[in-house]
Amino acid sequence: MAIEDNPESRTKYGEELRAKREAAGFTQEELSQRAVMSRTHIAHIEAGRRRPDPADARRLDSVLGTGGFFERFLPTLDGRKVAEHFAEALEFEGQATVIHDYAAKLVPGILQTEAYAREVLGSGARPKSDEERDRLLSTRLARAGILEDFHSPVVWSLLDEAVLRRPIGGPAVMCHQLRHIAALGERRRVRLHVLPFEVGAHSLLEGIVSLMWFEDLPPIAYVEGLRTGRVWELPSVVRECQVAYEHALGDALSHRKSLALIKSIAEDYEHEAQ
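Just so it is clear, the model here is predicted, and its values are computed rather than measured. (Residues numbered from 1 in each chain as written. Predicted model: local features only at pLDDT ≥ 70, side-chain atom pairs only at ≥ 80, totals over all residues. Heavy atoms only, no water.)

Participant: Help me understand the overall build of the chain, please; the structure alone is not making it clear to me.
Facilitator: In terms of regular secondary structure, the chain is built from 12 helices and 8 strands. Taken over C-alpha atoms, the radius of gyration comes to 21 Å for the chain, in line with the 19 Å a tight globule of 274 residues would show. Here the C-alpha coordinates of the chain stretch approximately 70 × 40 × 35 Å along the principal axes. Every one of the 274 residues in the chain was classed for burial, and the buried ones make up 46%. Look at the contacts in the chain between residues 6 or more apart in sequence, and 72% of them connect residues 24 or more apart. Total accessible area computed for the chain in this model is approximately 14,000 Å², and 51% of it derives from carbon and sulfur atoms. On the chain, the mean spot of the 36 positive side-chain charges and the mean spot of the 43 negative ones are 0 Å from each other. (Helix = DSSP H or I, 4+ residues; strand = E, 2+ residues; numbered from the N terminus. Rg over C-alpha atoms; globule rule 2.2 N^0.38 Å. Buried < 20%, exposed > 50% of the residue type's maximum accessible area, 1.4 Å probe, protein only. Contact = heavy atoms within 4.5 Å. Areas by Shrake-Rupley, 256 points an atom, 1.4 Å probe, with all protein chains shown as cover. Lys, Arg positive; Asp, Glu negative; His and termini not counted. Charge placed at Lys NZ, Arg CZ, Asp CG, Glu CD.)

Participant: Before we go on, may I ask you to explain the pattern of salt bridges in this structure?
Facilitator: Any two side chains of opposite charge can pair if their charged atoms end up close together. Evaluation of the coordinates by the stated rule reveals 13 salt bridges. A salt bridge links Glu46 to Arg21; its shortest N-O distance comes to 2.6 Å. In this pair, Glu46 is assigned in helix α3 (residues 39-46) and Arg21 in helix α1 (residues 7-23), connecting sequence segments 25 residues apart. The same class applies to Glu46 as to Arg21, namely buried. Several salt bridges converge on common partners, so that one network encompasses Arg21, Glu22 and Glu46. (Salt bridge = Lys/Arg side-chain N within 4 Å of Asp/Glu carboxyl O.)

Participant: Would you take a moment to explain the side chain of Asp56 for this structure?
Facilitator: By the element assignment, Asp56 lies in helix α4 (residues 54-64). Polar contacts involving the side chain of Asp56 include one to the side chain of Arg59, which spans 2.5 Å. Here Asp56 is in contact with Met37 and His41, once residues within four sequence places are set aside. (Polar contact = N/O pair within 3.5 Å; in protein donor to acceptor, adjacent residues only side chain to side chain.)

Participant: Would you mind showing me how to read helix α10 (residues 171-186) here?
Facilitator: For an α-helix, 3.6 residues make a turn, and residues three or four places apart therefore share a direction. Counted at 1.5 Å a residue, the expected span for α10 with its 16 residues is 22 Å, and the 22 Å between its end C-alpha atoms agrees. Those residues of α10 lying buried are Val173, Met174, Cys175, Gln177, Leu178, Ile181, Ala182, Leu184 and Gly185. Contacts from the buried residues of α10 go to α7 (114-122), α9 (161-165), β5 (190-195) and α12 (255-273). Just beyond α10, the residue with positive phi is Arg188, at close to 65 degrees. (Expected span 1.5 Å × (residues − 1).)

Participant: I tried to follow the packing of helix α2 (residues 28-35) against α3 on my own but got confused; where do I start?
Facilitator: For any two helices packed against each other, one specifies the crossing angle of their axes together with the interaxial distance. For the pair α2 and α3, the least separation of the axes is 8 Å and the interaxial angle reads 115 degrees. When the interaxial angle is binned, α2 and α3 end up roughly perpendicular. The hand of the α2/α3 crossing is right-handed. Taken together, the residues of α3 that come into contact with α2 (itself represented by Gln28, Glu29, Leu31 and Ser32) are Arg39, Ile42, Ala43 and Glu46. Classifying every residue of the contact of α2 with α3 by side-chain character gives 3 nonpolar, 2 polar and 3 charged. (Axes fitted to C-alpha atoms, helices over the stretch in contact; angles between N-to-C directions. Parallel < 35°, antiparallel > 145°, perpendicular 65-115°, else oblique. Left-handed = near helix turned anticlockwise from the far one by under 90°. Nonpolar A, V, L, I, M, F, W, Y, C, P; charged D, E, K, R; others polar.)

Participant: Is there a simple way to explain α7 in this structure?
Facilitator: Regarding α7, the residues found buried are Tyr116, Ala117, Val120 and Leu121. Each buried residue of α7 sits inside an arc of 125 degrees when the element is viewed along its axis, so together they form one side. At its buried positions, α7 is contacted by α8 (130-143) and α10. (Arc of directions from axis to C-beta.)

Participant: When you look at the sheet that holds strand β4 (residues 154-160) in this model, what are you seeing that I'm missing?
Facilitator: Spatial strand order, β5-β4-β3-β6-β7-β8: 6 strands in an open sheet with mixed pairing. Each end of this open sheet is capped by a strand with a single partner; those strands are β5 and β8 (228-232). For this sheet, the mean angle separating the axes of adjacent strands, direction not counted, is 10 degrees. (Pairing = 2+ DSSP bridges.)

Participant: Where do I start with the environment of Arg18 in this structure?
Facilitator: Checked against the element boundaries, Arg18 lands in helix α1. What makes Arg18 partly exposed here is its relative accessible area of 31%. Here the side chain of Arg18 touches Glu46 through a polar contact of 3.3 Å, landing on its backbone oxygen.

Participant: Can you help me understand the nonpolar core in this one?
Facilitator: Inside soluble globular proteins, nonpolar side chains tend to come together where they are buried. Counting 38 residues, the largest nonpolar core has Leu111, Leu147, Leu178 and Ile262 as the members making the most contacts within it. Apart from residues no more than four positions distant in its own chain, Ile262 is found in contact with Leu164, Leu178, Ile181, Ala182, Leu192 and Val194. (Core = buried A, V, L, I, M, F, W, Y, C linked by side-chain atoms within 4.5 Å.)

Participant: I tried to follow the packing of aromatic side chains on my own but got confused; where do I start?
Facilitator: Tallying each qualifying case throughout the model produces 4 aromatic pairs. Arranged with centres 5.5 Å apart and planes meeting at 75 degrees, the rings of Tyr13 and Phe70 form a pair that is edge-to-face. Here Tyr13 is found in helix α1, whereas its partner Phe70 is found in helix α5 (residues 69-72), with 57 residues between them in sequence. Taking the centre distance of 5.1 Å and the plane angle of 40 degrees together, the rings of Phe69 and Phe73 count as tilted. The cationic tip of Arg230 hangs over the ring face of Trp232; the distance from NZ or CZ to the ring centre is 3.6 Å. (Phe/Tyr/Trp six-rings, centres within 6.5 Å; stacked < 30°, edge-to-face > 60°. Lys NZ or Arg CZ within 6 Å of the ring centre and 35° of its normal.)

Structure follows, in structure tokens:
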């Protein structure tokens, strides 16, 4: 059975991994090679700082001959309802000291208003019950809690102009959403940069990415597509994503000009709603 994910459960899980690894006579490096995982990731799991995904747990069980122990007792998120592919990224988001994200079509989750998020979560090819949508909505709105602390995490949000122009929920919803983003930017809680349509092709055109840095852990990159997402910890991949972000940021409007554009589009929505 899975157990609730919290610091204590991750610590105990890590202690079990270390004990079983040492009983098998493996160093962290030897286990990493046999389980096809990075040695750093194994070290973080053993220290209780990170949790493996189910595929990692199955490989650990296979290499260590533990009969499914690590998969059965894999710490799971504490009741928060999110898309399966985003679960690991959600955990990291709550630990990050710096977040740089790029949004291609939708406002990033931590910046969404309730009305906007409700519209987004109510869409999709598979219909959702009101109860399921409300659970997802509750989790998404709770994510914005990380912005309540002025200092951490430091958030930069790079928005494609399409994010501002796509009328999710209609003009009234969009007006409120864009003014919410602008208010965060004016309070210096979030640094905003808009990639205008006139830029054309750019280095992040193929998908969305979120880069995260931590106080005592290596940085990660989360890359997402349609119903898919992956957390990358491999330094070469993370750096590649960072470079792509930096290139796109170089094509974007300044924070001041981005704020002006966001507020101007919000006014257009307001006039349309009247």
